[in-house]
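As a plain string of letters, each chain reads:
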Amino acid sequence: MTMPLVSHPSLAELHPTEPHVESRERLLVLLDAFEVVEGRTASREQVERCHSTAYLDRLEALEVPTLLDPDTVASSTSYEAALLAAGCTLTAVDRNGFALVRPPGHHALPERAMGFCLVDNVAVAARYAQTELGIERVAIVDWDVHHGNGTQDIFWEDRSVFFASLHQWPFYPGTGGPGEANETTLNVPLPAGSDDDDYLLAFDELVDPAVRAFEPELVLVSAGFDAHVADPLAGMHVTAEGFRRLARRSAALAPRTAAVLEGGYDVRTLPTLVQAALEGFGE
């Protein structure tokens, strides 16, 4: 069964960031390559389950392009983009789909933006599944090349959400190193140069047994493609076939699966990598 793709054309216009590497071109190439179901906008209440009112007020009040941290730019329409990206992720949960959105989310902290991310889309989706769909146990599997520190922070003390991350380390944002774990947090730091075999071995030996032991009803995937060998921001050697296999393994961990786009900054290869993951999720 093909996993439906969820997005919205406005995400290619809202949140202008050029010449930033997290640009509107990332979504334009995906909308050109795929047919998508249009997602909805998340409500303020849904986003406030993961982010503070004060932070969202600051984001909504922006009137001119502003650096929120050294890596993260936002403007007067970025708040609208962030709510739409989160809402498309909720639609993906409803449809067991894959949300193609920007800005990405997994670095966003409860009180502030970080690392290109404004709202933690996958975290908002997890809380939505629990609060509005009656799903009790959610696992988040993050294979973006960067550690999902925002997602980890939001759920660090929550035993109803299991967070597993495979990522390059040491690397930005500097979290997720050896020994950084608890009962429902698993970090798998991998050295630069890791390839398909390294990722799949780590997944099979560490992620798979830990997530299965948690017995999630839903797996949400933070699907970043910046571990690809051609990506300009990192030093990993994962191929399209590697992402297909990671997606297939992730989908096998629970009765339901949904995914959301995180990183992936080589716009020439991004559609091919999304297609590979889509095939894996559907196997």
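Notes on the structure in this doc start here. (Residues numbered from 1 in each chain as written. Predicted model: local features only at pLDDT ≥ 70, side-chain atom pairs only at ≥ 80, totals over all residues. Heavy atoms only, no water.)

## Looking at the side chain of N182
Along the chain, N182 falls in the loop between strand 7 (161-168) and strand 8 (185-190). Reaching out from N182, the side chain makes a polar contact with the backbone nitrogen of T184 at a distance of 2.9 Å. In this view, N182 contacts W156 and R159; residues no more than four positions away in its chain are not counted. (Helix = DSSP H or I, 4+ residues; strand = E, 2+ residues; numbered from the N terminus. Polar contact = N/O pair within 3.5 Å; in protein donor to acceptor, adjacent residues only side chain to side chain. Contact = heavy atoms within 4.5 Å.)

## Examining the packing of aromatic side chains
What the rule picks out here adds up to 7 aromatic pairs. Between F116 and Y265, the ring centres sit 5.6 Å apart and the planes meet at 90 degrees, which makes this aromatic pair edge-to-face. With F116 in the loop between strand 5 (98-99) and helix 5 (121-132) and Y265 in the loop between strand 10 (256-261) and helix 9 (270-282), this residue pair connects regions lying 149 residues apart in the sequence. One exposure class covers both F116 and Y265, and it is buried. Considering the side-chain rings of W143 and F281, the 6.5 Å spacing of their centres and the 25 degrees angle between planes classify their relative orientation as stacked. Taken together, the positions of W143 in the loop between strand 6 (138-142) and helix 6 (149-155) and F281 in helix 9 put the pair 138 residues apart, joining distant regions of the chain. W143 gets classed as buried once you look at its relative accessible area, which sits at 0%. For F281, a relative accessible area of 8% translates into the label buried. One aromatic cluster is present, built from ring pairs that chain together F98, W143, F225, F243 and F281. Here R137 stacks its cationic end above the ring of F214, 4.0 Å away from the centre of that ring. (Phe/Tyr/Trp six-rings, centres within 6.5 Å; stacked < 30°, edge-to-face > 60°. Buried < 20%, exposed > 50% of the residue type's maximum accessible area, 1.4 Å probe, protein only. Lys NZ or Arg CZ within 6 Å of the ring centre and 35° of its normal.)

## Considering the side chain of T151
Examined against the element boundaries, T151 turns out to sit in helix 6. Here T151 falls in the buried class, since its relative accessible area comes to 0%. Beyond its immediate chain neighbours, meaning those up to four positions away, T151 contacts H106, D120, V122, I140 and F163.

## Notes on the pattern of salt bridges
One pass over the structure, following the stated rule, counts 17 salt bridges. Where R44 meets E48, a salt bridge forms, and the shortest distance between an N and an O atom there is 2.9 Å. Taking relative accessible area as the criterion, R44 reaches 21% and is therefore assigned partly exposed. Residue E48 is classed as partly exposed on the basis of its relative accessible area, which comes to 30%. Between R244 and E241 there is a salt bridge; the shortest N-O distance is 2.4 Å. Of this pair, R244 and E241 both sit in helix 8 (residues 240-251), 3 residues apart, roughly one helical turn. (Salt bridge = Lys/Arg side-chain N within 4 Å of Asp/Glu carboxyl O.)

## Things to note about the pairing of strand 7
The element strand 7 is extensively covered by neighbouring structure, given that 8 of its 8 residues are classed as buried. Residues of strand 7 alternate between two faces, with V161, F163, S165 and H167 on one and F162, A164, L166 and Q168 on the opposite face, all of them buried. Here strand 6 runs beside strand 7; their pairing, made up of 5 bridges, is parallel. Each residue of the ladder has a partner; that of V141, found in strand 7, is A164. Relative to strand 8, strand 7 runs parallel, the two being bridged by 6 bridges. Across the sheet, the residue bridging to H167 is P189, located in strand 8. (Pairing = 2+ DSSP bridges.)

## A look at the packing of helix 8 against helix 9
Two elements in contact, helix 8 and helix 9, have axes whose closest approach is 7 Å; the angle formed by their N-to-C orientations is 35 degrees. Seen along the crossing, helix 8 lies across helix 9 with a hand that is right-handed. Between helix 8, through A240, F243, R244, A247, R248, S250 and A251, and helix 9, the contact on the second element is made entirely by L273, A276, A277, E279, G280 and F281. Of the residues belonging to the contact of helix 8 with helix 9, the class tally is 8 nonpolar, 2 polar and 3 charged. (Axes fitted to C-alpha atoms, helices over the stretch in contact; angles between N-to-C directions. Left-handed = near helix turned anticlockwise from the far one by under 90°. Nonpolar A, V, L, I, M, F, W, Y, C, P; charged D, E, K, R; others polar.)

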